[in-house]
Amino acid sequence: MHESEATQEGLDLLDLRAYWDILRRRWWILVLSVVSIATTAFFVSNSIIPIYDATAKILVQGGQAPGIPTAGEIQASQQLAKNYSDLIKTRPVLNQVIDSLSLPYSAGTLYGKIRVKSPRSLIEIQVSDPDPQLASQLSNAVAQIFIDDFRDRQLTE
């Protein structure tokens, strides 16, 4: 049994030497693979355009009474937030944003940059754009124009 262990160790050593010989003869393949993968990763990472998100939040309050809101007022605020969030992405609001910021694109393009959510009594307007300042301006402009438009409608009624 002692002899078979020595034979096995000799075979393992021969296997390692065979691998080492292959590596010594083909080292350039390994180096070329690493260099090509690194070069590809560099060019791919430089070609990716970063997208920035900006969020504006609007608090919706259903009741007009001062103090602690009742359960009915909270529920009304939540329902109003859902309804208002549907109105934010309408063409009239988007066209007003485009006009106010002198944007070079259509309402459909702006529509694709905006996501509106209404968790609880909040409306979250999130805008995605490669330019972080424009994303911030857009989210704030959409919120402000919606508020102003809604206020104007309330005053005319």
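First, a word on what this report is: a plain description of the structure on this page. Since the model is a prediction, treat every value here as computed from it, not as a measurement.

Quick word on the packing of aromatic side chains
Scanning the entire structure with this criterion turns up 4 aromatic pairs. Pairing F42 with F43 gives two aromatic rings, centres 5.4 Å apart and planes at 70 degrees, and the pair type is edge-to-face. On the basis of relative accessibility, which here comes to 47%, the residue F42 falls in the partly exposed class. The exposure class of F43 is exposed, given its relative accessible area of 54%.

Looking at a nonpolar patch on the surface
Residues W27, W28, I29, V31, L32 and V35 make up a contiguous nonpolar surface patch of about 600 Å² in total accessible area. Here L32 lies in helix α2 (residues 27-47).

Concerning the pairing of strand β2 (residues 114-117)
Bridge analysis of β2 against strand β3 (residues 122-129) gives 4 bridges, and the strand direction is antiparallel. The residue of β3 that forms the bridge with I114 is V127. Hairpin connection from β2 to β3: 4 residues lie between these consecutive antiparallel strands, with R120 at a positive phi of about 55 degrees.

Quick word on the pattern of salt bridges
All chains considered together, the criterion is met by 6 salt bridges. Between D53 and R115 there is a salt bridge whose closest N-O contact spans 3.9 Å. In this pair, D53 is assigned in strand β1 (residues 52-59) and R115 in strand β2, connecting sequence segments 62 residues apart. Given the relative accessible area of 46%, D53 is considered partly exposed. With a shortest N-O distance of 3.9 Å, E124 and K57 are connected by a salt bridge. Pair noted here: E124 is in strand β3 and K57 is in strand β1, with a separation of 67 residues, a long-range link. By relative accessible area, which is 16% here, E124 ends up buried. Several salt bridges share partner residues, and in doing so they unite K57, K117 and E124 into one network.

Quick notes on the sheet that holds β3
The pairing of strands in a sheet comes from backbone hydrogen bonds and takes either a parallel or an antiparallel form. What the 3 strands build is an open sheet, ordered β1-β3-β2; its pairing is antiparallel. What marks the edges here is a single partner per strand, and that holds for β1 and β2. Pairs of neighbouring strands in the sheet enclose a mean axial angle of 20 degrees, with direction left out of account. By the bridge criterion, 8 bridges tie β1 to β3 in an arrangement that is antiparallel. Bridge assignment links A54 to a residue of β3, and that residue is V127. Contacts from helix α6 (residues 132-156) reach β1, β2 and β3 within the one sheet, and its direction differs from that of β1 by about 20 degrees.

Remarks on the nonpolar core
With 25 residues, the main nonpolar core has V97, L103, L110, I114, I123, I125 and L138 as its most contacted residues. Elements supplying a minimum of two residues to this core: β1, α3 (71-88), α4 (91-101), α5 (107-113), β3 and α6. If you tally residues by element for this core, the top one is α6, at 7 residues. Setting aside residues no more than four positions away along its own chain, L138 makes contact with V97, L101, L103, Y105, L110, K113 and V127.

What counts and what doesn't
- Residues numbered from 1 in each chain as written.
- Predicted model: local features only at pLDDT ≥ 70, side-chain atom pairs only at ≥ 80, totals over all residues.
- Heavy atoms only, no water.
- Phe/Tyr/Trp six-rings, centres within 6.5 Å; stacked < 30°, edge-to-face > 60°.
- Buried < 20%, exposed > 50% of the residue type's maximum accessible area, 1.4 Å probe, protein only.
- Patch = residues over 30% accessible without salt bridge, like charges linked within 9 Å, V, L, I, M, F, W, Y side chains within 5 Å.
- Areas by Shrake-Rupley, 256 points an atom, 1.4 Å probe, with all protein chains shown as cover.
- Salt bridge = Lys/Arg side-chain N within 4 Å of Asp/Glu carboxyl O.
- Helix = DSSP H or I, 4+ residues; strand = E, 2+ residues; numbered from the N terminus.
- Pairing = 2+ DSSP bridges.
- Axes fitted to C-alpha atoms, helices over the stretch in contact; angles between N-to-C directions.
- Contact = heavy atoms within 4.5 Å.
- Core = buried A, V, L, I, M, F, W, Y, C linked by side-chain atoms within 4.5 Å.

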